[in-house]
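Here's the letter readout for the chains.
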Amino acid sequence: MKFQAKVTDVTKIEADLLAVFAGSEEARKVDGAEEFDGEQGDILFLHSHGNIPAKRVAIVGLGKISELTVSDLQTIAAKIGKKAKEVAAKTVAIALPKELQAQAIVEGLTLGTYTFSKHKSEETRNKEKHIEEVSILTTPPKLNAVVAGISRGETVSQAVMFARDLVNEPPSFTTPTHLADVAGKLVKGHANMSCEVFGPKEMKTLGMEAILGIARGSDEEPRFIHLSYKGGGGKTVCLVGKGITFDTGGLSLKDSKNMETMKLDMAGAAAILGVFSVLPILKPNINVVGLIAATENMPGPKAIKPGDVVAAMNGKTIEILNTDAEGRVVLADALSYAGAKVKSDAIVDLATLTGACMVALGEEIAGMFTDDVTLAEELERAATDSGEHIWSMPLARQYKELVKSDVADVKNISGTKYGGAINGALFLAEFAPLSVPWAHLDIAGPAFAEKDAPLTPKGGTGFGVRMLLQWLLQEK
Ligand code: BES
Ligand code: MN
Ligand code: ZN
């Protein structure tokens, strides 16, 4: 899909489909008599009958423009994209009202029409319809802003799709070794980027017994990935990603239904790789470190057992009572590493950590846990401004006792069926450095769409990429 900004009148533009927004001047131009004030996202199709060069016209309900969020606009654009595909439109023009941003339109169209068909037969793939060209119609005073918005929207979408592709690939392909290879390739040829990869030997030397413990049940070797981008500026933010490339649950084996989607369990890692894939294009003026703890969670003959005790890199010992609560265990080492080896001004981890967070917030909203009010505000703003959804949850210290162990410092499950997302976050808090603002994002819900939604076709969603990029570009 190629985007361009054009200063062409809606009555002159040639396109298979022209989208105008209900109530706008452009809509009145092409839709003279007809009065359509559909609700937000409603689309009315008209045939132009040769009255204007555009073959079809879609009149799109916007609702109250002053109340329209970035996420709303992206969703509306995604719906336009879907409709355009349905009618096999190859060229689309959209009349952009002056109040609205081109970036959200580009992201909505691109992400809404995303497909992952790499593994389908050529015959099936050839049948897929594609929008080839999208013209965003604007006026001379807004032209530069629209051109810039298109460029930003294309880059952000590219990063989100990079993350989606990684999640959607089969889990026997996206092994820890593969993630490390991907990371290595991302930094190639960029003088201000680097990537260090630790295998089992180096991890042992560093004292990462927690990840190594989880990795024991698998034939695949674990990898710890340390990415770095130097954007100048005084600040460094550290992004930490859960990279369980497949979560069987380990010896605390999941049932088949719950295991079905568990290739998603490296979505935190994928988001970080997606972000790094476009840092050389967006060039934020800030230093970024990306840490990925990558391993499979398998029940092989050497697998860690309920009752086993491991020491994380910061020296704290963990009693493993449920091998399916593996994410927090590998993150214990990753957060310890962040505290010991990275000088950061803020740490944000992304993890598909708990089913409980999905129970609390549903499939579209991530839970955010932090003590730092400033960081919370920054991340909330970044999410809102980029069209993603996060919600602040309590890092409730009164439940701290629940993760204390009889035989070790902490245990990896709480022993109560309530408050699972909080207990996971409290466990992580034991390993995050005390002196650095830290936020944990539980992305178990929004990382993967179990059914098609306008902006997120079934599968990996690339959640986190948009808000993180927005945040990095806001920081200066
Ligand atoms: N990867 C899962 C969490 C998950 C579940 C993510 C569903 C996305 C969709 C995680 O490793 C896990 O298994 N968590 C357990 C924790 C429990 C054993 C304390 C869970 O949520 O059931
Ligand atoms: Mn698990
Ligand atoms: Zn998991």
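Described in the following lines is the structure provided in the data block.

The rules behind the values
- Residues numbered from 1 in each chain as written.
- Chains lettered and ligands numbered in written order.
- Predicted model: local features only at pLDDT ≥ 70, side-chain atom pairs only at ≥ 80, totals over all residues.
- Heavy atoms only, no water.
- Axes fitted to C-alpha atoms, helices over the stretch in contact; angles between N-to-C directions.
- Helix = DSSP H or I, 4+ residues; strand = E, 2+ residues; numbered from the N terminus.
- Parallel < 35°, antiparallel > 145°, perpendicular 65-115°, else oblique.
- Left-handed = near helix turned anticlockwise from the far one by under 90°.
- Contact = heavy atoms within 4.5 Å.
- Nonpolar A, V, L, I, M, F, W, Y, C, P; charged D, E, K, R; others polar.
- Phe/Tyr/Trp six-rings, centres within 6.5 Å; stacked < 30°, edge-to-face > 60°.
- Buried < 20%, exposed > 50% of the residue type's maximum accessible area, 1.4 Å probe, protein only.
- Lys NZ or Arg CZ within 6 Å of the ring centre and 35° of its normal.
- Donors = N, O, S within 2.8 Å, 3.2 Å for Na, K, Ca; no water.
- Tetrahedral: all angles 85-135°; square planar, octahedral: opposite > 155°, others 65-115°.

1. Overview of the packing of helix α5 (residues 143-168) against helix α10 (residues 267-282)
Okay, step 1: At a minimum axis separation of 8 Å, α5 and α10 run at an interaxial angle of 150°. As far as their axial angle goes, α10 and α5 are roughly antiparallel. Of the two elements, α5 crosses α10, and the hand of that crossing is right-handed. In contact with R152, T155, Q158, A159, F162, A163, L166 and V167 of α5, α10 contributes A267, A270, A271, L273, G274, S277, V278, I281 and L282.
Okay, step 2: Grouping the amino acids of the contact of α5 with α10 by side-chain chemistry returns 12 nonpolar, four polar and one charged.

2. Overview of the packing of aromatic side chains
Okay, step 1: The final tally for this structure, using the stated rule, is four aromatic pairs.
Okay, step 2: Judged by centre distance (4.7 Å) and plane angle (55°), the ring pair of F224 and Y337 falls under tilted. Of the two residues, F224 is situated in strand β8 (residues 223-229) and Y337 in helix α11 (residues 327-341); the sequence distance between them amounts to 113 residues. Comparing F224 with Y337, the two get one shared label, buried.
Okay, step 3: Residues F427 and F431 carry aromatic rings whose centres are separated by 5.3 Å and whose planes lie at 40° to one another, so their mutual orientation is tilted. There is no split in this pair, since F427 and F431 are both buried.
Okay, step 4: Connected via pairs of aromatic rings, a cluster forms that spans F198, F224 and Y337.
Okay, step 5: The cationic tip of R164 hangs over the ring face of Y114; the distance from NZ or CZ to the ring centre is 5.1 Å.

3. Quick look at the coordination of the manganese ion (ligand 2)
In a perfect tetrahedron of four donors around a metal, the angles come out at 109.5 degrees. In a perfect octahedron of six, they are 90 or 180 degrees.
Okay, step 1: Bound to the manganese ion (ligand 2) on the protein side are D247 (OD), D324 (O), D324 (OD) and E326 (OE), at distances that span 2.1 to 2.2 Å.
Okay, step 2: Taken together, the six donor atoms surrounding the manganese ion (ligand 2) define angles of 71 to 169° at the centre, an arrangement classified as irregular.
Okay, step 3: Written as a sequence motif, the donor arrangement for the manganese ion (ligand 2) is D-x76-D-x1-E.
Okay, step 4: Taken as an interatomic distance, the gap from the manganese ion (ligand 2) to the zinc ion (ligand 3) is 3.2 Å; D247 donates to each of them. With a gap of 77 residues between them, D247 in strand β9 (residues 236-247) and D324 in the loop between β12 (317-319) and α11 connect regions that are remote in the sequence.

4. A few points about the coordination of the zinc ion (ligand 3)
Okay, step 1: Donor atoms from the polypeptide that bind the zinc ion (ligand 3) are K242 (NZ), D247 (OD), D265 (OD) and E326 (OE), placed at 1.9 to 2.4 Å.
Okay, step 2: Around the zinc ion (ligand 3) sit six donor atoms, and with donor-metal-donor angles ranging over 78 to 174° the site reads as octahedral.
Okay, step 3: Binding-site remark: the zinc ion (ligand 3) is held by donors from one chain whose sequence spacing is K-x4-D-x17-D-x60-E.
Okay, step 4: Residue E326 is classed as buried on the basis of its relative accessible area, which comes to 1%.

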